[in-house]
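Okay, here's what each chain looks like letter by letter:
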Amino acid sequence: MLIALTAVTVLDVVGRYLFNSPLNGAAELTEFLLIGVIFLGIPAITLNDEHLTVELLTEQLRGKAEVIRKGAVQIIVLAFFALAGWQVLQHADRLALYGEATTYLGVPYAPIARVAGGLLLLSALVIAWQMLARIIGRKGKEVS
């Protein structure tokens, strides 16, 4: 998608400045590709636990305090992704109801919003799975 995004931008700029004919629908294609990069990236980043973090005060935490901090952060992020995903899906329903589509290409917005909302909910499920795996792993250590 990043390569396609670059190609669309290059074609649009070259067409605009060399041939006085920009790529038709380039702005809309750019928007869709950015949505794809961002919303496909969120579950991947979540799965690898690679979200950006700032550890000004928490880098000194060890042991139980670090476990509690990590759990609290995961609960907050899970709630955010679940709420955001639900809201995006609600918005997708409104877009479908009104038949909203892009101006130039006529691509409907609702399916794209549904995919974005679904990927946010998938990210919430990934976090729930990670939390469950951490809890099960910790209980297994206590038993042995």
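One can find the structure itself at the top, above this paragraph.
Residues numbered from 1 in each chain as written. Predicted model: local features only at pLDDT ≥ 70, side-chain atom pairs only at ≥ 80, totals over all residues. Heavy atoms only, no water.

Trainee: Looking at this structure, how should I read helix α3 (residues 63-98)?
Mentor: Three- or four-residue spacings in an α-helix give side chains the same orientation, since the helix completes a turn every 3.6 residues. The end-to-end C-alpha distance of α3 is 53 Å, a good match for the 52 Å that 36 residues give at a rise of 1.5 Å each. Residues of α3 that are buried include every one of Lys70, Gln74, Phe81, Ala84, Gly85, Ala92 and Leu95, and no others. Gly99 sits one or two positions beyond α3 and adopts a positive phi of about 65°. (Helix = DSSP H or I, 4+ residues; strand = E, 2+ residues; numbered from the N terminus. Expected span 1.5 Å × (residues − 1). Buried < 20%, exposed > 50% of the residue type's maximum accessible area, 1.4 Å probe, protein only.)

Trainee: Teacher, can you tell me more about the environment of Ala26 here?
Mentor: Checked against the element boundaries, Ala26 lands in helix α2 (residues 26-47). Sequence separation of Ala26 and Leu105 is 79 residues, and the distance between their C-alpha atoms is 9.5 Å. Not counting chain neighbours up to four residues away, the residues in contact with Ala26 comprise Val8 and Asp12. (Contact = heavy atoms within 4.5 Å.)

Trainee: Even after reading the chapter, I still don't get the environment of Leu95, so can you show me in this structure?
Mentor: If you trace the backbone, Leu95 turns up in helix α3. Overall, the relative accessible area of 12% leaves Leu95 in the buried class. On a C-alpha basis, the gap between Leu95 and Ala110 in space is 5.3 Å, while along the polypeptide they are 15 residues apart. Discounting chain neighbours no more than four positions away, the residues touching Leu95 are Glu100, Tyr109, Ala110 and Ala113.

Trainee: Any chance you could explain the packing of helix α1 (residues 2-18) against α2 here in plain terms?
Mentor: Packed helix pairs are specified by the crossing angle of their axes together with the interaxial distance, meaning the distance between the axes. It is at 9 Å that the axes of α1 and α2 come closest, and there the two elements cross at 165°. Between α1 and α2, the angle falls in the class roughly antiparallel. Considering only the axes of α1 and α2, their crossing is left-handed. Contact residues: α1 offers Leu2, Ala4, Leu5, Val8 and Asp12, while α2 offers Ala26, Leu29, Thr30, Leu33, Leu34 and Val37. Here the contact of α1 with α2 is composed, by residue class, of 9 nonpolar, 1 polar and 1 charged. (Axes fitted to C-alpha atoms, helices over the stretch in contact; angles between N-to-C directions. Parallel < 35°, antiparallel > 145°, perpendicular 65-115°, else oblique. Left-handed = near helix turned anticlockwise from the far one by under 90°. Nonpolar A, V, L, I, M, F, W, Y, C, P; charged D, E, K, R; others polar.)

Trainee: How should I be thinking about a nonpolar patch on the surface in this particular structure?
Mentor: Among the surface-exposed residues, Leu11, Leu23, Leu29, Tyr104 and Leu105 lie close enough to one another that they form a single nonpolar patch of about 440 Å² accessible area. Locating Tyr104 in the fold gives a position in the loop between α3 and α4 (110-143). Since its relative accessible area comes to 51%, Tyr104 is described here as exposed. (Patch = residues over 30% accessible without salt bridge, like charges linked within 9 Å, V, L, I, M, F, W, Y side chains within 5 Å. Areas by Shrake-Rupley, 256 points an atom, 1.4 Å probe, with all protein chains shown as cover. Salt bridge = Lys/Arg side-chain N within 4 Å of Asp/Glu carboxyl O.)

Trainee: What is the right way to look at the packing of aromatic side chains in this model?
Mentor: The description of two aromatic rings rests on the distance between their centres and on the angle between their planes. Tallied over the full model, the rule gives 2 aromatic pairs. Seen from their ring centres, Phe32 and Tyr109 are 6.4 Å apart, and the 65° between their planes marks the pair as edge-to-face. One end of the pair, Phe32, is in helix α2; the other, Tyr109, is in the loop between α3 and α4, with 77 residues separating them in the sequence. On the basis of an interplanar angle of 50° and a centroid distance of 5.8 Å, the ring pair of Phe80 and Phe81 is categorised as tilted. Classification of Phe80 as exposed rests on a relative accessible area of 54%. (Phe/Tyr/Trp six-rings, centres within 6.5 Å; stacked < 30°, edge-to-face > 60°.)

Trainee: How should the layout of surface pockets be read in this particular structure?
Mentor: The probe, sized like a water molecule, is rolled over the atoms to show the empty space still left. For the second largest pocket, the calculated volume is near 160 Å³. Here the lining of the second largest pocket is built from residues that sort into 8 nonpolar, 1 polar and no charged. (1 Å grid on protein atoms, 1.4 Å probe; cavity = no way out; pocket = protein on both sides within 12 Å on 5 of 7 lines; lining within 4 Å. Points joined across faces, edges and corners; volume = space filled by probe spheres on them.)

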